[in-house]
Structure formats: structure tokens, C-alpha cells
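A structural walkthrough
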Amino acid sequence: MTLSLSAEKIHRQPWPGLIEAYREYLPVSDTTPVVTLLEGNTPLIPATALEQRIGRQVKVYVKYDGLNPTGSFKDRGMTMAISKAKEAGAKAVICASTGNTSAAAAAYARRGGMRPFVLIPDGYVALGKLAQALLYGAEVLAIKGNFDRALEIVRRMADNYPITLVNSVNPYRLEGQKTGAFEVVDDLGNAPDWLCIPVGNAGNITAYWMGFCQYYQAKKCECLPKMMGFQAAGAAPLVNGQPVAEPETIATAIRIGNPASWEKAVAAKDASQGNFHSVTDAEILNAYRILASEEGIFCEPASASSVAGMLQVKDQIPTGSTVVCVLTGNGLKDPDTAIKYSNSQIKQGIDPKIEAVAKAMGF
Ligand SMILES: *Cc1c(COP(=O)(O)O)cnc(C)c1O
């Protein structure tokens, strides 16, 4: 491991949440009411099984943002968006969501004393995310249309009604999310050579690039990473260069055909000499199983697209370099996919006797 940890650094400090931790880099003032669940500070985990698959001297880490309070990186953006909405006196917030934004918006809005409204594509939100939104107390409206249509509607709603939009077109969302890049640099002592990241609405790739650039200007890192964005093959507008009318993928969190941050994501890719690629659902599921069964890391399918992408283009990774793959969400979000596509099966109907259990185990 190349992470340099002194005894002092290892000694545990209480984490104050990302707004307090990175206050000087964020658009908050002393009077901003900070709505926080102490999000951020997620681990950068060495991934040796992935390194072995590359088969050369390359360091690979995963930034496991599924360990945020509601189980995805959306919390980074939502602590900022909700704090700023509260500062402005908002009583209600609205978002379109493939699931994780709704969970985060609901949790933070309720914590801040606001009403969360969420529009979701009917039938395409993973079970865990739906459970969260409902229990947190969101007012959930399922529309007979996809995410892109839901986003069009909520943008109009926010223009015409007294309600604050908390999708990533809200600039405070990206401000919060850029702290993921700060943490990567703080842990590595520099920026990685490559940053591999799933791309749906393209807010997160934009935010990470903002974070790296800001840290570079503050002389916190000496280089900038290539931004490698990965989309699902059935929902790859940035790879195709045109919107996808009917996006389809098992990775519902990135089932988006017309990304809101399209131009900014292209600018990040170009400025960093990075690239966009698409990964098939089969490649995503393969990476999803490898992460869980070889690294012990359970992420959701959309998150695995960063690792699927890295494995797809592994021959292009320069020897001696450091790669970080962002794992955007927790595997528990989508138990249905885990059960359906795992390689393991439950051996059922076993007699409750030692001999029967031993026999079933192959002894
Ligand atoms: C939102 C989300 C994404 C996509 O992020 P964008 O900012 O929309 O590109 C990827 N993975 C997960 C788990 C998400 O919740």
C-alpha cells in the first residue's frame, strides 16, 4: 500500500461532515444553516484482485462512496443543496431521480425540516432506494416516462412553483460532490493518473473534475487525472454523440439518455485528455461480481461500470500509474439484481441434522 499513514493520522478524529471539513472551498458562510449527516470521508480501498487482472505494475483503488449516510455519493451534493435551500428559506424541494437522488433528497430535506417531492420513472427504481424515499418521508410521484422526462418536468415545476430544484443542475450539488476529489487527493497525497467514473446525468464527472482543478490550483496536488467516463451501452449518449430516446440498462442509476451536464462532462474529458467508453450490461455484471466475490466490496450495478470500463481498457493504462475507480452507490440498494445475478445459489430443503448439513457441504 502506498498510502502514507503516520501514527498521528491513524489516530481517529471525529469527522465533522464535508461542509465543515472543506468549508474554505465551498460557497457557505457563517450563517449558512448546515444540514448534515456527517457524509463524506469515505474509504479509498486498495483493490489487489483488480491489480492482478491488469497484470502489470499498476495501483488500483476504489473510492467507496456507497458508505455515505444514504448509501450513495448523492449525499455529498445534497448536504450542500439542502443547506443552501434552507438558507434561502425554502419550504419544499423537488427532484427527478433514478433512485439515489430521491433517497438523499428525502433524508436531508426531512432533517432540514422541508418537504421532499420526488419524481421517479415508474418501474425502474431499485427496491432499496424506493424503501428509503418512502421511509424518509418523501412524497413520491411515479411517472409513466423515463428519467429524462421526469427531469424536464421538475425543471418546469421549479420555474413555476415555490419549490427548490435539487437535481445536479442545482450548482450547489456539484460544489458538494467535488469533495470526493479532495478526499482522493488527501488520501493519496496527489491526484491519481486515471479517474474511472460511471456517467449518467454527468454531474459527478463534472464535479470531480472541478474538485481536482481547484485542488491543483491550491497546490494540493501536482498533476491532474485523465477523466475516464463510462456509460452503459444501452444509455451511452456521450459515447454516441447524440441523445438516446429510450435508454436501457440493468444499471438503473445511469439509465439516462440526455445528460443535463453534457457540455461540462465533455469539457472535463477534453481538458484532461480522458475518454468516454460504453460497457455492456454483461461487462457491468461481471465487474459487479468480481468486486463482491474477490474484493469483498458490494456496490450497485451502476457503480460497477467504472471497474467494468477500467478492465475493458486495461491495456491502455500506463505501467507504474495509479487508478481510482469511483464506486458511487451501495450494493444493498438493489437486492433484486444481486440475488438474480449472483453465481451462488441457496441449497434449500435441508434436514436440520448434522449429517444432512455435512452432506450438503460435500463432506
Ligand atoms: C447518480 C448516480 C450515478 C450517475 O451520476 P451522474 O452524476 O448522474 O453522472 C452513478 N451511480 C450511482 C449509484 C448514482 O446514484
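Structure: above.
The text that follows walks through the structure, step by step, so that each part is easy to find. (Residues numbered from 1 in each chain as written. Predicted model: local features only at pLDDT ≥ 70, side-chain atom pairs only at ≥ 80, totals over all residues. Heavy atoms only, no water.)

Some details on the pattern of salt bridges
How we decide: Note on definitions: salt bridges are taken to be side-chain nitrogens of Lys or Arg within 4 Å of carboxyl oxygens of Asp or Glu. Put simply, DSSP H or I for four residues or longer makes a helix, DSSP E for two residues or longer makes a strand, and each gets a number counted from the N terminus. Relative accessible area decides the class of each residue, using a 1.4 Å probe on protein chains only: under 20% of the type maximum gives buried, over 50% gives exposed, and in between gives partly exposed.
Within this structure, the stated rule accounts for 14 salt bridges. With its nearest N and O atoms 2.6 Å apart, the salt bridge here joins Arg53 to Glu294. On the criterion of sequence distance, the pair formed by Arg53 in helix H3 (residues 48-54) and Glu294 in helix H13 (residues 281-295) is long-range, its members being 241 residues apart. We classify Arg53 as partly exposed; its relative accessible area is 35%. A relative accessible area of 40% means that Glu294 is categorised as partly exposed. A salt bridge links Glu300 to Lys129, with the shortest nitrogen-to-oxygen separation between them at 2.7 Å. With Glu300 in the loop between H13 and helix H14 (301-312) and Lys129 in helix H6 (residues 127-136), this residue pair connects regions lying 171 residues apart in the sequence. Taking relative accessible area as the criterion, Glu300 reaches 3% and is therefore assigned buried. In this structure Lys129 comes out as buried when scored by relative accessible area, which is 0%.

What to know about the environment of Trp209
Here is the rule we go by: Contacts are residue-level and defined by heavy atoms, with any inter-residue pair within 4.5 Å sufficient.
Examined against the element boundaries, Trp209 turns out to sit in helix H10 (residues 203-217). Each C-alpha atom of the pair Trp209 and Ala267 lies 9.5 Å from the other, and the pair is 58 residues apart in sequence. Excluding residues that lie within four positions of it along the chain, Trp209 makes contacts with Leu224, Pro225, Met227, Ala268, Ala271 and Ser272.

Overview of the packing of aromatic side chains
Here is the rule we go by: Pairing of aromatic side chains requires ring centres within 6.5 Å, counting the rings of Phe and Tyr and the six-membered ring of Trp. Pairs whose planes differ by under 30 degrees are stacked, by over 60 edge-to-face, and all others tilted.
The tally for this structure, following the rule as stated, stands at seven aromatic pairs. With centroids separated by 6.4 Å and ring planes inclined at 65°, the aromatic side chains of Trp15 and Tyr22 adopt a geometry described as edge-to-face. With a relative accessible area of 22%, Trp15 lands in the partly exposed category. You can call Tyr22 buried: its relative accessible area is 7%.

Some points on the packing of helix H5 (residues 100-111) against H6
For the record, the criterion: In this analysis an axis means a line fitted to C-alpha atoms, helices contributing only their contacting stretch, and an angle means the value between N-to-C directions, from 0 to 180 degrees. Here the angle decides the label: under 35 degrees means roughly parallel, over 145 means roughly antiparallel, 65 to 115 means roughly perpendicular, and every other value means oblique. Handedness of each helix crossing follows the sense of rotation of the near helix against the far helix: counterclockwise by less than a right angle gives left-handed, clockwise gives right-handed. Gly counts as polar in this scheme, as do all residues outside two lists: the nonpolar Ala, Val, Leu, Ile, Met, Phe, Trp, Tyr, Cys and Pro, and the charged Asp, Glu, Lys and Arg.
Axis separation between H5 and H6 bottoms out at 8 Å; the angle between their running directions is 20°. The angle between the axes of H5 and H6 places the two elements in the roughly parallel class. For the element pair H5 and H6, the recorded crossing hand is left-handed. Of H6, the residues touching H5 (which contributes Asn100, Ser102, Ala103, Ala106, Ala107 and Arg110) are Lys129, Gln132, Ala133 and Tyr136. Of the residues assigned to the contact of H5 with H6, the class counts are five nonpolar, three polar and two charged.

As for helix H9 (residues 179-188)
Each turn of an α-helix holds 3.6 residues, which means side chains three or four residues apart point in the same direction. Judged by how many residues are buried, H9 sits mostly within the fold: eight of 10 residues are covered. Within the span of H9, buried status applies to Thr179, Gly180, Ala181, Phe182, Glu183, Val184, Val185 and Leu188.

Focus: the sheet that holds strand E6 (residues 164-165)
In plain terms, the rule: When DSSP locates at least two bridges between a pair of strands, those strands are taken to pair.
Spatially, E5-E4-E3-E6 is the arrangement adopted by the four strands of the open sheet, whose pairing is parallel. The open sheet has two edge strands, strand E5 (139-143) and E6, and neither has a second partner. As judged from the five bridges shared by strand E3 (residues 92-96) and strand E4 (residues 115-121), these two strands associate in the parallel manner. Its bridge partner being in E4, Cys95 is matched across the sheet by Val118. Each of E3 and E4 touches H5; the most contacted strand, E4, lies at about 175° to it.

Brief notes about the site of the ligand
The condition is simple: Nearness is defined per residue: one heavy atom within 4 Å of the molecule or strand is enough. N or O atoms closer than or at 3.5 Å make up a polar contact, with two conditions inside protein: a donor-capable atom paired with an acceptor-capable one, and, for residues adjacent in sequence, both atoms drawn from side chains. Here the accessible surface of atoms and residues is derived via Shrake-Rupley with a 1.4 Å probe, and residues count as covered only by protein chains that are part of the display.
The environment of the ligand is formed by 16 residues, the closest being Lys74, Asn100, Asn201, Asn204 and Thr328. Asn204 is positioned such that a nitrogen or oxygen atom in its backbone is 2.8 Å from an oxygen atom of the ligand. Here the ligand has 380 Å² of accessible area as a free molecule, and 97% of this is covered by the chains. The set of elements that each furnish at least two residues to the shell around the ligand consists of H10 and H14. For the shell around the ligand, the per-class residue count stands at six nonpolar, eight polar and two charged.

Observations regarding the nonpolar core
Short version of the rule: Residues belong to one nonpolar core when they are buried, are Ala, Val, Leu, Ile, Met, Phe, Trp, Tyr or Cys, and are joined through side-chain atoms within 4.5 Å.
In terms of nonpolar packing, the biggest core is built from 37 residues, with Leu50, Val62, Val307 and Met310 touching the most fellow members. Among all residues touching Met310, those that are not within four sequence positions of it are Leu50, Ile54, Val60, Cys196, Phe230, Ile317, Val323 and Cys325. Residues Tyr22, Ala181, Ala202 and Cys213 belong to the second largest nonpolar core, which totals 34 residues.

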